Structures are given as C-alpha cells and as structure tokens.
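Single-letter residue listing:
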Amino acid sequence: QVQLVESGGGLVQAGGSLRLSCAASGRTLSRYAMGWFRQAPGKEREFVAAIRRSGGITYYADAVKGRFTISRDNAKNTVYLQMNSLKPEGTAVYYCAANLGAGSPTDVYGYDYWGQGTQVTVSS
C-alpha cells in the first residue's frame, strides 16, 4: 500500500507557472511508475504525464507537450510536475497516481494508487 499526497496547486494567471509535488509514504516510490492526471468539471479524468521507475522515460499528452515536465526524486519519495505557460483550459483537479507496472503509463485504468488531488485554476 502506498499513500500519495499532492500539493502546489493554486490560482495562476494564463502564461504563469506552477510546480506540483506528490509525496509518497508507505512504500518506496522507486517501485512504481508515476503519472499525473487531471479532471475538469463535467469531464473525464485525462492523462497529463507519466514517468518510468528509473525516470529515464517520460510520456506527455499532446496538450501539454513542451510546456509541462514530469520528474522524480526517488530519494525524497516525491514526483513533480512543472507546469509552464499555463492556459485557462488547464483548470482542473490534478491527481498523481502510482503504477506497479502492469498497466499502460498513459491509461487511467493502469494505475493502482491515487492521491486526493490538488486544484489548479488558470485565469484568463
């Protein structure tokens, strides 16, 4: 079992930046591939970014490619999502999730554990 807690969300103007953090406890994060997803009101939860256990391979949704960067510090048991050039359509609750390895890194159903989410609001 692993517990995930996101932080770093908030209100930002379009074009601004935020850095989300996801701290894990219970088990070492290095066992898991990690992902970030987001869910806007009235919409399905969607993939944002993912990173393999070693951190050497990353994946991004087309909508965020070139603006967001996922990284991990296994020594600190933490995963990050640096978000630059934010757009109003990026307003959503952002969730981090842990994948034991059997599921696709971009598939919401491939993840085993989820955090409670952190709100990101981008004003125009």
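See the structure shown above.
Let me begin by describing the structure that accompanies this report. (Residues numbered from 1 in each chain as written. Predicted model: local features only at pLDDT ≥ 70, side-chain atom pairs only at ≥ 80, totals over all residues. Heavy atoms only, no water.)

Take the sheet that holds strand S7 (residues 68-73) next. The four strands are arranged S1-S3-S8-S7 in an open sheet whose pairing can be described as antiparallel. One side of each edge strand has no neighbouring strand; the edge strands of this open sheet are strand S1 (3-7) and S7. Here the average twist between neighbouring strands, direction ignored, is 15°. In this structure, S1 lies alongside strand S3 (residues 18-25), joined through five bridges in antiparallel fashion. Pairing of Gln 3 across the sheet is with Ser 25, part of S3. (Pairing = 2+ DSSP bridges. Helix = DSSP H or I, 4+ residues; strand = E, 2+ residues; numbered from the N terminus. Axes fitted to C-alpha atoms, helices over the stretch in contact; angles between N-to-C directions.)

Time to look at the pairing of strand S8 (residues 78-83). With five of its six residues buried, S8 lies for the most part within the structure. Note that S3 and S8 share six bridges and pair antiparallel. Pairing of Ala 23 across the sheet is with Thr 78, part of S8. Across six bridges, the pairing between S7 and S8 is antiparallel. Across the sheet, residue Arg 72 finds its bridge partner in S8, namely Val 79. Between S7 and S8, which follow one another and run antiparallel, lie four residues, and Asn 77 among them has a positive phi close to 55°. (Buried < 20%, exposed > 50% of the residue type's maximum accessible area, 1.4 Å probe, protein only.)

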